[in-house]
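What follows is each chain in one-letter form.
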Amino acid sequence: MKLKQVNTKSIDEIREEMIDRVTSSKSDIFRIGEQCRQDYESMTTELRNIKEMMVNLIEEGNQLEDQVHQARLMLSEVSMNFKHYTEEEVREAYEKAHQLQMDLSINWQYKKQLLEKRDDLERRLIGLDDTIDRADQLISQISVVMNYLTSDLKQVGEVIETAKAKQDFGLKIIEAQEEERKRLSREIHDGPAQMLANVIMRSDLIERVYKDKGPDEAFAEVHSYKKMVRAALYEVRRIIYDLRPMALDDLGLVPTLRKYLQTIEEYHNHSRIVFMNIGLERRLPTKYEVALFRMIQESVQNALKHANACEIKVRLEITDSSITVLIKDNGVGFDTSIKKPESFGMIGMRERVDLLEGEITYDSKIGKGTSVLIRVPLIN
C-alpha cells in the first residue's frame, strides 16, 4: 500500500472539528435533559394539585352522600304523609333531593376524570425520569470523549514521525469519528426522539381535556406547543441522520444515498437533486461505504450552502475493480487557478480518498458550476 503524508495542521483541524461537534451534541443533549427536568417539575406540581383536589372531592362526596340520605328520608316522610304537607313543601323536598343527587353525580364524574389524569401523569413521570437518567449517562460518556480529545490527542502531531504512522493515525481518527457518530445516533434516537414523541402524545391529551372544559386561549397555546415540539422532533431526527444514517450499516451505500439525497432535496425544496447508479448495486467493505458516503455528503452540502446550486447530479458507478463518483452542480462555481486555503471539508475529503488510495479532482468555472470526480480502486 502506498504511503501518503498527512499534514499535522490538518490533524489539528480535524481534532478541533471533532471537539466542536461533540461539544454541540453535548449541549443539545443537555438542553433536552433540562427541558425534561422542567417538564418533570411541572407535572409533579400538577400531580400534587390533582391529589389535593381529589382529597377535597372525597370529603365533599361524603358530605353529599349524607345529605342525599337525609333528603331521601325526608322525601319518604313527605310521600307517606302527603296530606300533612303543603304543595310548596312537597315540591321543595323533591327538588332538594333531585339537586343533591345531581351534585353527587357530578362529584363522582369529576373524581373519575381526576383519577384518570393522575394515573396518566404518574406513567409519564416514570418515562421522563428514565429519559433524564439516559441523558445524564450520555453526557457523562461524552465528557470522557472530550477529555480524551482535549488532552491525549492534543500532542498527537508531535508524536507522529513517519509516513506510516501518519497514515495509520489518520485512519484511526476517521474510524473514531464514525464510531462516535454511530453511538451518538443510536443514543439520541432511543432517548430524545422518543421523549419528544411522548410529549406530542401528552399535548393531545391536554388538548382534549381543555377542549372539554372550553378555554379557547389554552387550546390555542396547546396547538402552538404541538407545532413547536413537532419541529424540534424533526430537527433531532435530521441531526441523527447527519451524524450516522443507520441504513448505511443495514442496507449499504446505494439505498442509503438514494434515501439521503431524497431527504436533502425535500429539506431544501428550492433545489433538485438527481441520483443515478449506473453500476453494480452491491455491498462494499465498511471503510469504502463510510468514506464514499461522507465525501458525497460533503460535496452536496458544499453545493447547497456555498455554491447556491438549484440542481445537483450525483452519478455512482461500481465495478468489480473500482468505484467512480461524479457530483455536478449548476452553482456559482470558482476559479481553480486561484490558490486558496482549502476548507476543512475539502481537506477531510482528500484525506479520505488518500486512505483508499484513490484520487479526487475538481473542475469549476465561475458562473458555470462545479464538478467533483472521485475514483477509488477496489482492493480485495
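Residues numbered from 1 in each chain as written. Predicted model: local features only at pLDDT ≥ 70, side-chain atom pairs only at ≥ 80, totals over all residues. Heavy atoms only, no water.

**Q** Explain the packing of aromatic side chains to me, please; I cannot follow it from the model alone.
**A** Think of a pair of aromatic rings as described by two things: how far the centres are apart, and how the planes are tilted against each other in angle. By the definition in use, this model includes 1 aromatic pair. Judged by centre distance (5.2 Å) and plane angle (65°), the rings of Y260 and F293 are edge-to-face. On the criterion of sequence distance, the pair formed by Y260 in helix 8 (residues 253-267) and F293 in helix 9 (residues 286-305) is long-range, its members being 33 residues apart. The class of Y260 is buried, set by a relative accessible area of 1%. (Phe/Tyr/Trp six-rings, centres within 6.5 Å; stacked < 30°, edge-to-face > 60°. Helix = DSSP H or I, 4+ residues; strand = E, 2+ residues; numbered from the N terminus. Buried < 20%, exposed > 50% of the residue type's maximum accessible area, 1.4 Å probe, protein only.)

**Q** Help me understand the sheet that holds strand 2 (residues 311-318), please; the structure alone is not making it clear to me.
**A** Reading across from one edge, 1-2-3-5-4 is the order of the 5 strands in this open sheet, with mixed pairing throughout. At either end of the open sheet lies a strand with only one pairing partner, and these are strand 1 (272-277) and strand 4 (359-364). Adjacent strand axes in the sheet meet at a mean angle of 10°, parallel and antiparallel pairs treated alike. In the sheet, strand 2 pairs with strand 3 (residues 322-329) via 7 bridges, with the strands oriented antiparallel. Paired with I318 across the two strands is I323, which belongs to strand 3. Packing of helix 8 onto the sheet brings it into contact with strand 1 and strand 2, and relative to strand 1 it is tilted by some 170°. Strand contacts of helix 9: strand 1, strand 2, strand 3 and strand 5 (370-377), with the helix running at about 10° to strand 3, the strand carrying the most contacts. (Pairing = 2+ DSSP bridges. Axes fitted to C-alpha atoms, helices over the stretch in contact; angles between N-to-C directions. Contact = heavy atoms within 4.5 Å.)

**Q** Can you walk me through the pairing of strand 3 in this structure?
**A** If a strand is regular, its side chains alternate between the two faces of the sheet. Where strand 2 folds back onto strand 3 in an antiparallel hairpin, the turn is made up of 3 residues. Across 8 bridges, the pairing between strand 3 and strand 5 is antiparallel. In the sheet register, L326 faces strand 5, and the bridge partner there is L373.

**Q** Even after reading the chapter, I still don't get the side chain of S364, so can you show me in this structure?
**A** For S364, the position within the fold is in strand 4. Here the side chain of S364 touches G369 through a polar contact of 3.1 Å, landing on its backbone oxygen. Within the local environment of S364, its side chain forms a polar contact with the side chain of T370, the two groups lying 2.8 Å apart. Discounting chain neighbours no more than four positions away, the residues touching S364 are G333, F334, T336, G369 and T370. (Polar contact = N/O pair within 3.5 Å; in protein donor to acceptor, adjacent residues only side chain to side chain.)

**Q** Is there a simple way to explain helix 8 in this structure?
**A** In an α-helix, one turn spans 3.6 residues, which is why side chains three or four residues apart end up on the same side. End to end, helix 8 covers 21 Å across 15 residues, agreeing with the expected 21 Å (1.5 Å per residue, within 8%). Residues L253, V254, T256, L257, Y260, L261 and I264 constitute the buried set of helix 8. Around the axis of helix 8, the buried residues are gathered within 155° of arc, so they sit on the same side. (Expected span 1.5 Å × (residues − 1). Arc of directions from axis to C-beta.)

**Q** What's the story with the nonpolar core in this structure? I'm lost.
**A** Across soluble globular proteins, you tend to see nonpolar side chains buried next to one another. Ranked by size, the top nonpolar core spans 36 residues in total, and within it V300, I312, L316, I323, I327 and I374 carry the most contacts. Those elements that place two or more of their residues in this core are helix 8, strand 1, helix 9, strand 2, strand 3, helix 10 (344-355) and strand 5. Ranked by residue count, the leading element in this core is helix 9, at 10 residues. (Core = buried A, V, L, I, M, F, W, Y, C linked by side-chain atoms within 4.5 Å.)

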